[in-house]
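What the coordinates show
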Amino acid sequence: MELGAIYSKEKTVFSVFSPIAEEISVILYDNGIEGDAIKKVPMSKSDNDNSNTCHPDIFTVVIDGDLNGKYYTYEVKTADGVFESHDPYAKACGVNGHRSMVVDLSTTNPEGFTEEKIPKCDDPMNMVITEVSIADVSSDASAHSKYPGKYKAFTEPQILGYFKELGVTHLQILPSYDFGSIDESRPDLEQYNWGYDPYNYNIPEGSYSTDPFNGAVRIKEYKEMVQAIHEAGIGVIMDVVYNHTYNVFDSCFYKTSGNYFYRMDPEDETKYSDASACGNEIATEKTMVRKYIIDSLCYWASEYHIDGFRFDLMGVIDIETMNLAREALLKINPDIIMYGEGWTGGPGAIPESSRALKLNDKKLPGIGMFSDDIRDVVKGHVFYMDELGFVNGGKGKEEELKKAIICPAWANTPNQVINYLSCHDNYTLWDRFIVSNSNETTEQRLRMNRLAAGILFTAQGIPFFLNGEEFARTKTAKEGEAPVENSYCSPLSINVISYDRAEKYSDLRDYYKGLISLRKHHKAFRLDTIEQIHKSVHFIDDVPEGVVAYTIETPDENMFVAYNSCKNKISIKLPDNASGNGWNVLADDKHAGSTVLYTIKNQASIPEVSCLIAVSK
């Protein structure tokens, strides 16, 4: 059964799940934020024998007439009192999401949207993903946007032109559903948040629209954004947060269903379990919670043409829900992308064997996991600044790095491994070098950055990087100040993307661009199975400490890769190749790309803190 407000010009059918309600009524309003109710209509509980319902605790009412643009709430009477709640299944809302809105979705489609050509993703191994924030991408003056910080900025050619030129295939967008930490009614205030505080899961965030007071505007503008990104040949991956709500008692889940949607602490059932480390966790294993998550994902995929989903703290979600969600999404889009954080924020209420964790990767076919293995071995432990990584001074990291670049032991297939060095959380890659390598020069940190990027784009798996990592993105207010580690509610000035900085560090940006091109041109870096990887990748043993070198031998090509973390130039005897004509270098300490830089034979000379990538002639 479809829940929420199901609209037609003749009538709207309202349906809401509530296992705790004695009575529920729909309250209609003309306005999305203020004004008295215009009508209150009691709902009826579904007949338990009605085969059209998925649960006996469904309340329904039909209201005749064209209600498009009318706002509504549910008045829920329970043993604990009377609550007025927005609709968990709402598709539109008024400012700040407190009142839901009936919407004719057909009126929100941009011209050509229903027939738009969506970029194909036949092989996930070809993906190159960058993480972006809607607010960050276009708010700086250097972006020259007419719509700074808005969905519509993505319809401007210079914004998407940047990503097209860089060569990325997919944008992973920080949470863009309606979240609770921004007051949409006060656009005059400087406000910022990443958005990991869900309020309305099925509605775009209003602060990114040009008119948060009109519930239809944010929907149309979100679709315009998706359409523009697709027209640029780039896919859209939505960051979703089904592991917790912004809070409990103001949540529509709590007001309509009490604690049904939440896991309680097994040792004290008066307290909420908190594997999310945000004060609560969603009980994804329950029938109607599972239905809600799957319905929500399918709605975004079908109505908004979202190409994939990144799951925040996916380890809080149960395995069965993830697999059933994938099954449902594949019917909408056979190329659907699903991956997430294969960990939790703390201990939870369900056993590890039931959670979508890295260690359970083999139980989650087609669903990827972020590799913190490669993140931590390359730059150092994410939480401990004195634990350095391979590129920035860590010792004895060679064997650990080898394991990470051929896919960690937990991985079932390479397309389930999302390799990354930095993301929105914690320090940017550049800021990590500032903090943990404070005595190094800028040039030395640039060497570390280039070497780290060389590892990222040659490792087996799918590469992911934070927007701005390619130009030494820093989250500092002023040069020389300490960087902010987690900037989720820092001022926009801390988070904003500076295209002036992109020009300042254009050599680094071009290095990333070159590595992306190199990767796309050589299938050896995108092998399809763990068996292929183990058969094709051969590590070279006779190398100095602080060096990892290997070949990738496939029927189509032979590659040579070396990572030198030493602070001195080293030489490596090159393996013999079939032709005897030497090796064409594609990347060194300064340049990278799909075109040949120069040819080497017998010996490879690799400068300090750098990589060398070559293909057999």
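Read on for an overview of the structure. (Residues numbered from 1 in each chain as written. Predicted model: local features only at pLDDT ≥ 70, side-chain atom pairs only at ≥ 80, totals over all residues. Heavy atoms only, no water.)

**A look at the sheet that holds strand E17 (residues 308-311)**
Within the closed barrel, the eight strands sit side by side as E10-E11-E14-E17-E18-E19-E20-E21. Their pairing is parallel. Strand-to-strand twist across the sheet, computed as the mean angle between neighbouring axes with direction ignored, equals 30 degrees. Note: strand E19 (residues 368-371) against strand E20 (residues 417-420), three bridges, orientation parallel. In the sheet register, Phe370 faces E20, and the bridge partner there is Ile418. In this fold helix H5 (residues 287-303) packs onto strand E14 (235-240) and E17, with an angle of close to 145 degrees to the strand it touches most, E17. (Pairing = 2+ DSSP bridges. Helix = DSSP H or I, 4+ residues; strand = E, 2+ residues; numbered from the N terminus. Axes fitted to C-alpha atoms, helices over the stretch in contact; angles between N-to-C directions. Contact = heavy atoms within 4.5 Å.)

**Some details on helix H2 (residues 157-166)**
Burial in H2 covers these residues: Ile159, Leu160, Tyr162, Phe163 and Leu166. Within H2, the buried residues cover an arc of 140 degrees as seen down the axis, which keeps them to one side. Relative to its buried face, H2 has exposed residues pointing more than 90 degrees away, namely Pro157 and Glu165. (Buried < 20%, exposed > 50% of the residue type's maximum accessible area, 1.4 Å probe, protein only. Arc of directions from axis to C-beta.)

**Some words on the pattern of salt bridges**
Inspection of the entire model under this criterion finds 35 salt bridges. We note a salt bridge from Arg218 to Glu184, for which the minimum N-O separation is 2.9 Å. Of this pair, Arg218 sits in helix H3 (residues 215-231) while Glu184 is found in the loop between strand E12 (177-179) and strand E13 (198-204), placing the two residues 34 residues apart along the sequence. Comparing Arg218 with Glu184 shows no difference in burial state: the two are buried. Between Asp188 and Arg186 there is a salt bridge, and its shortest N-O distance comes to 2.7 Å. Note on Arg186: relative accessible area 34%, which makes it partly exposed. (Salt bridge = Lys/Arg side-chain N within 4 Å of Asp/Glu carboxyl O.)

**Quick notes on the pairing of E14**
Among the six residues of E14, six are classified as buried, and the element is accordingly described as predominantly covered. Neither face of E14 is exposed, since Gly235, Ile237 and Asp239 on one face and Val236, Met238 and Val240 on the opposite face are all buried. Where strand E11 (residues 170-173) and E14 come together, four bridges link them in parallel fashion. Bridged to His170 within E14 is Gly235.

**Observations concerning the pairing of strand E21 (residues 462-466)**
In terms of burial, E21 is a largely internal element, five of the five residues being buried. Of the two faces of E21, the one carrying Ile462, Phe464 and Leu466 and the one carrying Pro463 and Phe465 are both buried. Pairing geometry for strand E10 (residues 129-132) and E21, over three bridges, is parallel. Paired with Ile129 across the strands is Phe464, a residue of E21.

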